[in-house]
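Below, each chain spelled out in residue letters.
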Amino acid sequence: MKTQFNKYVYIALIILGIIYLKEKSIGQALIYLGIALAFDPFDTNQKFNDRPTWQKMVLIVNLAIVFGLIFIEIFNLFF
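Reading guide: rules and limits
Residues numbered from 1 in each chain as written. Predicted model: local features only at pLDDT ≥ 70, side-chain atom pairs only at ≥ 80, totals over all residues. Heavy atoms only, no water. Helix = DSSP H or I, 4+ residues; strand = E, 2+ residues; numbered from the N terminus. Buried < 20%, exposed > 50% of the residue type's maximum accessible area, 1.4 Å probe, protein only. Contact = heavy atoms within 4.5 Å. Areas by Shrake-Rupley, 256 points an atom, 1.4 Å probe, with all protein chains shown as cover. Axes fitted to C-alpha atoms, helices over the stretch in contact; angles between N-to-C directions. Parallel < 35°, antiparallel > 145°, perpendicular 65-115°, else oblique. Left-handed = near helix turned anticlockwise from the far one by under 90°. Nonpolar A, V, L, I, M, F, W, Y, C, P; charged D, E, K, R; others polar. Arc of directions from axis to C-beta. Phe/Tyr/Trp six-rings, centres within 6.5 Å; stacked < 30°, edge-to-face > 60°.

(A) A look at the overall build of the protein. When you go through the protein residue by residue, the secondary structure sums to three helices and zero strands. Starting at the N terminus and walking to the C terminus, you meet the elements of the protein as α-α-α. Along the first, second and third principal axes, the C-alpha set of the protein runs to 45 × 25 × 15 Å. Counting every position in the protein, which comprises 79 residues, the buried fraction comes to 27%. The long-range fraction of contacts in the protein, counting pairs at least 24 apart against all pairs at least 6 apart in sequence, stands at 54%. Accessible surface, the protein as shown: approximately 5600 Å² in total, 69% of it carbon and sulfur.

(B) Just the packing of helix 2 (residues 26-36) against helix 3 (residues 53-78), in detail. Following both chains from N to C, one finds helix 2 and helix 3 inclined at 150 degrees, their axes separated by 9 Å at the closest point. In terms of orientation, helix 2 lies roughly antiparallel with respect to helix 3. Crossing of helix 2 against helix 3: the hand is left-handed. Across the interface between the two elements, Ile26, Gly27, Ala29, Leu30, Leu33, Gly34 and Ala36 from helix 2 touch Asn62, Ile65, Val66, Leu69, Ile70, Ile72 and Glu73 from helix 3. Within the contact of helix 2 with helix 3, the residues separate by chemical class into 10 nonpolar, three polar and one charged.

(C) Fine view of helix 2. Residues Ile26, Ala29, Leu30, Leu33 and Ala36 constitute the buried set of helix 2. Looking straight down helix 2, one finds that the buried residues subtend no more than 130 degrees of arc, so they occupy a single side.

(D) Geometry of the packing of aromatic side chains. Counted according to the given criterion, the structure contains three aromatic pairs. Centre to centre, the rings of Tyr20 and Tyr32 are 5.4 Å apart; their planes meet at 0 degrees, and the pair counts as stacked. Here the residue Tyr20 occupies a position in helix 1 (residues 3-22), and Tyr32 occupies one in helix 2, the gap between them amounting to 12 residues. With a centroid separation of 6.2 Å and an interplanar angle of 20 degrees, the aromatic rings of Phe71 and Phe75 are classed as stacked. Of this pair, Phe71 and Phe75 both sit in helix 3, separated by four residues, roughly a single helical turn. The exposure class assigned to Phe71 is exposed, which follows from its relative accessible area of 57%.

Here is the structure:
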């Protein structure tokens with residue numbers, strides 16, 4: 001896929017995830033933020049280790065939020 005297309009899809013999914021977080025729909029936000037990671041908005045031909053630090057941080061923060069939402073969903077499931 002073209003990187004330009006990925007940027008728009010990534011941004012759209014992040015916005016949808018934020019909207020669902022504001023509505024307190026954790027499951028839907030988790031789905032959209034998780035799927036957003038599949039659409040890498042940066043140069044996909046470049047290795048992860050060779051990317052600038054800010055690009056790594058964007059993806060790592062997105063992943064950390066997804067893991068946090070998974071933890072919240074599991075915690076709500078049992079309690």
